[in-house]
Amino acid sequence: MDSFEPQAPANHRPGQLALGIGALIVAAVLAWGAMDIPSDAGYAGVGPNFLPWVISAALGLCGVMLIREVLTGGYRQMEEPSGAARGDWRALAWVSAGVLLNASLITTIGFILSCSLCFVFAVRGLRASEGKPAGNLSQTAKDAVTGMLIAAPVYWLFTKLLAVNLPGITAGGWI
Amino acid sequence: MMDTFTQLLGGFATAGTPINLLWAFAGCALGTAIGVLPGLGPAVTVAMLLPITGQVEPTASMIFFAGIYYGAMYGGSTTSILLNTPGETGTMVTALEGFKMAKSGRAGAALASAAIGSFVAGTIATVLVTLFAPVLAQFAVQLGPPEYFCLMLLAFTTVSAVLGQSTLRGLTALFFGLALGLIGIDQITAQVRYTAGVLEFMDGIEVVLVAVGLFAVAEALYNALYEGRSPAMMNKMTRAHMTRSEWRRSWPAWLRGTAIGFPFGTIPAGGTEIPTFLSYATERKLASPEHKAEFGTTGAIEGVAGPEAANNAAVTGTLVPLLTLGIPTSVTAAILLSALQNYGINAGPQLFQTSSALVWALIASLYIGNVMLLVLNLPMVGLWVKLLKIPRPQLYAGILIFATVGVYGMRQSSFDLFLMYGLGLLGVVMRRYDFPTAPVIVGLILGPMAEAQMRNALSIGEGSFMVFLERPMSATLLAVVVLVLLVPRLLARRVAV
């Protein structure tokens, strides 16, 4: 906790406010949805729409209280988050791209290739976040091989041995 | 009593078959590994492996999962002592003294005291589970829906209001989890709720998806975003060995830690944070004057021994409400519950009758697992420490591959992978703004169960909420809920005045 380099503490209040508003929005969505749920209660006296209303109200209250805390000086009993005061958004973008590409391509190019691609992107982002060069062509090739060396055995272990269904691109199911 | 003993022997017969021993060993080894590695906890590991429930038979997979749960606690202490980045919340306190001991060249003693303490506490706690769980199950059979609902209410309250820093943020997380739990088909009337016409939402949001998103993916994203420049330093390993005086100082702390940890695990006020902190405070207070000076300076062995024992005893204790009431009090317990649900097994008081072979094999495997883990973590600790050499980028990128297996393997939907990413972002925000994540998981899995119990209870009461107050047991539980919510506040106010 006490080991990172001294930086000006980040201003968390806009984010805190956004989260309070976020809670209110979720509460509103819940309430809006709850209006469409029938209330036929049977013997219980409360129907399937009862809990949605309760949760909506509770979450709304939480949102109001959170906003009140922000307006009166910020969240109470906050523990200063670990890590840097400022986020490395480029690194985040690389890792995000990896995960999202994987999600979009997994059924088309199969588990092994898709996950290796995700690995390459994520490693690149994480390495950049450490301030190291993100990697030239040969480094990227090395990452791709590493990714495949992880993904392929995992794929075989889960599909062949444990009969978990993961997408492949060949009929034999080895790739 | 005799009956328990024969059942346990039967359990040993089942758990002792070569294939089940192999599963136990695999679980313990994998658990130790992920405990050592930062970024992966037992909950998310079990979650990622849940798809295997389609193929592996229930007893074997429960033994495997329990091994992971246990192993992670042993492995987590290694990381706390050597790296000062606790892999698990339960080993946070170990880092306080353990890291200082390692810094002053006594890493080996700290590791040994942690491993042996975990073994002692784990074994004593397993004996207690063996003795008390069947009795509690017999009692729990008499509980009706109103009592169950109140018990769940208590679990909600303690998970969100007592643990963590702020009650308000804990409750916000809890209600968010409950809201996620609403999505899908209502258990009682089969009414479809909050699916917005998306087919994938009909089955509800899987706990695996949320756990993997909030923990594994969020961890990778958070690391890229904020932790890149955080320096990592590692203490030097020394041979795991304790001197005679260190033994003498450790064993009372182990026993006290067990005594503090186990009860906290068993009540639905679970969690390992409170007992480990309590144990640390106790040891610090009871330490003899010449050792007291070591606390916070060069590191006191009691401060490792006590909390480690408390941690393991509490973790074992969480199996009591899980197996006898079907109420999970930790995130990992919640995932174990969902593993049981995958098999169509309802955890609850009937479990000891309907699946007694499974339950006893599981309990027997805990005894075996503890022995395995002692061996894995004492002579072989150097092996695990090598895992800490994996560079951070490769580690977290690799975790993403396993996250994909867990989430996609569950129901072969790439929609889930997008959802997982969204939850990952949410996890980053929650961590940054100090919202606890455990209440989300517990709310998600217990919410639908609690709703069903509540509506059944109201049916018994013919629609009147008085049913919760008229039955002595449920009224008592409600009173406890109110106390849990109010007492810490009143205490804080008195301290402030």
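What counts and what doesn't
Residues numbered from 1 in each chain as written. Chains lettered and ligands numbered in written order. Predicted model: local features only at pLDDT ≥ 70, side-chain atom pairs only at ≥ 80, totals over all residues. Heavy atoms only, no water. Helix = DSSP H or I, 4+ residues; strand = E, 2+ residues; numbered from the N terminus. Rg over C-alpha atoms; globule rule 2.2 N^0.38 Å. Buried < 20%, exposed > 50% of the residue type's maximum accessible area, 1.4 Å probe, protein only. Contact = heavy atoms within 4.5 Å. Areas by Shrake-Rupley, 256 points an atom, 1.4 Å probe, with all protein chains shown as cover. Lys, Arg positive; Asp, Glu negative; His and termini not counted. Charge placed at Lys NZ, Arg CZ, Asp CG, Glu CD. Patch = residues over 30% accessible without salt bridge, like charges linked within 9 Å, V, L, I, M, F, W, Y side chains within 5 Å. Salt bridge = Lys/Arg side-chain N within 4 Å of Asp/Glu carboxyl O. Phe/Tyr/Trp six-rings, centres within 6.5 Å; stacked < 30°, edge-to-face > 60°. Core = buried A, V, L, I, M, F, W, Y, C linked by side-chain atoms within 4.5 Å. pLDDT = per-residue confidence, 0-100. Buried area = accessible area lost by both parts, 1.4 Å probe. Polar contact = N/O pair within 3.5 Å; in protein donor to acceptor, adjacent residues only side chain to side chain. Nonpolar A, V, L, I, M, F, W, Y, C, P; charged D, E, K, R; others polar. Disulfide = S-S within 2.5 Å.

Draft legend 1. Representation of the overall build of chain A in the model. Of regular secondary structure, chain A possesses four helices and zero strands. For 175 residues, the compact-globule estimate of 2.2 N^0.38 gives 16 Å, and the C-alpha radius of gyration of chain A, at 24 Å, exceeds that figure by more than 25%. Seen through its C-alpha atoms, chain A measures out along the principal axes to roughly 60 × 55 × 25 Å. Going through the 175 residues of chain A one by one, you find that 42% of them count as buried. In chain A, 59% of the contacts between residues at least 6 apart in sequence involve partners at least 24 apart. When the accessible surface of chain A is summed, it comes to about 9100 Å², and 67% of that surface belongs to carbon and sulfur atoms. Averaging the coordinates of the 10 positive side-chain charges in chain A and doing the same for the 10 negative ones gives two points 9 Å apart.

Draft legend 2. Seen up close, the overall build of chain B. Of the regular secondary structure elements, chain B holds 23 helices and two strands. Scaling as 2.2 N^0.38, a compact globule of 497 residues should have a C-alpha radius of gyration of about 23 Å, and chain B matches this with 22 Å. Overall, chain B is about 65 × 60 × 50 Å in size when its C-alpha atoms are taken along their principal axes. Split into buried and exposed, the 497 residues of chain B put 62% on the buried side.

Draft legend 3. Broad picture of a nonpolar patch on the surface. A surface patch of nonpolar side chains, about 560 Å² in accessible area, is lined by Leu113, Met148, Trp156, Ile169, Trp174 and Ile175 of chain A. Counting through the fold element by element, Met148 of chain A comes out in helix 4 (residues 137–161).

Draft legend 4. How the structure looks around the packing of aromatic side chains. Taken as a whole and assessed by the stated rule, the structure comprises 14 aromatic pairs over all chains. Ring centres of Tyr75 of chain A and Phe435 of chain B lie 5.9 Å apart, and the angle between their planes is 80°; this geometry places the pair in the edge-to-face category. Of this pair, Tyr75 of chain A sits in the loop between helix 2 (50–71) and helix 3 (89–129) while Phe435 of chain B sits in the loop between helix 20 (414–432) and helix 21 (438–460), placing the two residues on different chains. Look at Phe435 of chain B and you get buried, because its relative accessible area is 10%. Their ring planes at 75° and their centres at 5.6 Å tell us that Phe201 of chain B and Phe415 of chain B sit as a pair that is edge-to-face. Highlighted residues: Phe201 of chain B in the loop between strand 2 (192–193) and helix 9 (207–227) and Phe415 of chain B in helix 20, separated in sequence by 214 residues. A relative accessible area of 25% means that Phe415 of chain B is categorised as partly exposed. Members of the aromatic cluster, connected to one another through ring pairs, are Phe50 of chain A together with Phe149, Phe465 and Phe468 of chain B.

Draft legend 5. Main features of the nonpolar core. In terms of nonpolar packing, the biggest core is built from 205 residues, with Phe111 of chain A together with Phe65 and Val212 of chain B touching the most fellow members. When residues in this core are grouped by element, the largest group, 17 residues, is from helix 9 of chain B. In contact with Phe111 of chain A, other than residues within four places in its own chain, are Ile106, Ala151, Val154, Tyr155, Leu166 and Pro167 of chain A together with Ile401, Thr404 and Val405 of chain B. Of all hydrophobic cores here, the second largest spans five residues; its members include Val93, Tyr280, Ala287 and Phe295 of chain B.

Draft legend 6. The arrangement of the confidence of the model for chain A in detail. Predicted confidence across chain A gives a mean pLDDT of 87, with 94% of residues reaching 70 or more. In this model, residues 1–8 of chain A is a region of pLDDT below 50 whose contacts with residues beyond four sequence positions or in other chains number eight contacts.

Draft legend 7. Summary view of the interface of chain B and chain A. Facing the 67 residues of chain B at the interface are 80 residues of chain A. Roughly 6200 Å² of surface becomes buried between chain B and chain A when both sides are summed, with 73% attributable to carbon and sulfur atoms. The largest contributions to the chain B side of the interface with chain A come from Tyr194, Ile401 and Tyr433 of chain B, which together make up 10% of the buried area. Taken together, the links from chain B to chain A amount to one salt bridge. In this structure, Glu130 of chain A and Arg392 of chain B form a salt bridge, with 3.2 Å as the shortest nitrogen-oxygen distance. Where chain B touches chain A, the interface holds 13 residue pairs in polar contact (both at pLDDT 80 or more). For the side of chain B that touches chain A, the secondary-structure elements that each account for two or more residues are helix 8 (167–182), helix 9, helix 19 (392–411), helix 20 and helix 21 of chain B. Here the side of chain B that touches chain A takes 13 residues from helix 19 of chain B, the largest share from any one element. Its residues placed into classes, the side of chain B that touches chain A shows 38 nonpolar, 17 polar and twelve charged.

Draft legend 8. Spotlight on the side chain of Thr94 of chain B. Residue and element names in this part refer to chain B. Inspection of the secondary structure puts Thr94 in helix 5 (residues 92–103). Here Glu308 takes part through its side chain, which lies 2.7 Å from a polar atom of the side chain of Thr94. Look past the residues within four positions of Thr94 in its chain and what remains in contact with it is Ser77, Ser80, Ile81, Phe99, Val304 and Glu308.

Draft legend 9. Region of the structure containing the side chain of Thr79 of chain B. Among the structural elements, Thr79 of chain B can be located in helix 4 (residues 58–83). A polar contact of 2.5 Å, which involves the side chain of Thr79 of chain B, links it to the backbone oxygen of Val36 of chain B.

Draft legend 10. Region of interest: the state of the cysteines. Residue and element names in this part refer to chain A. Applying the stated criterion across every chain yields a total of zero disulfides over all chains. Cysteine Cys118 is unpaired, with the sulfur of Cys115 as its nearest cysteine sulfur at 6.2 Å. The exposure class of Cys118 is buried, given its relative accessible area of 2%.

Draft legend 11. The arrangement of unusual backbone geometry in detail. Residues and elements named next belong to chain B. Its identity as a non-glycine residue notwithstanding, Tyr194 has a phi of 55°, on the positive side. For Tyr194, the position within the fold is in the loop between strand 2 and helix 9. Positive phi values are uncommon outside glycine, yet Gln412 reaches one of about 50°. With respect to the helices and strands, the residue Gln412 is situated in the loop between helix 19 and helix 20.

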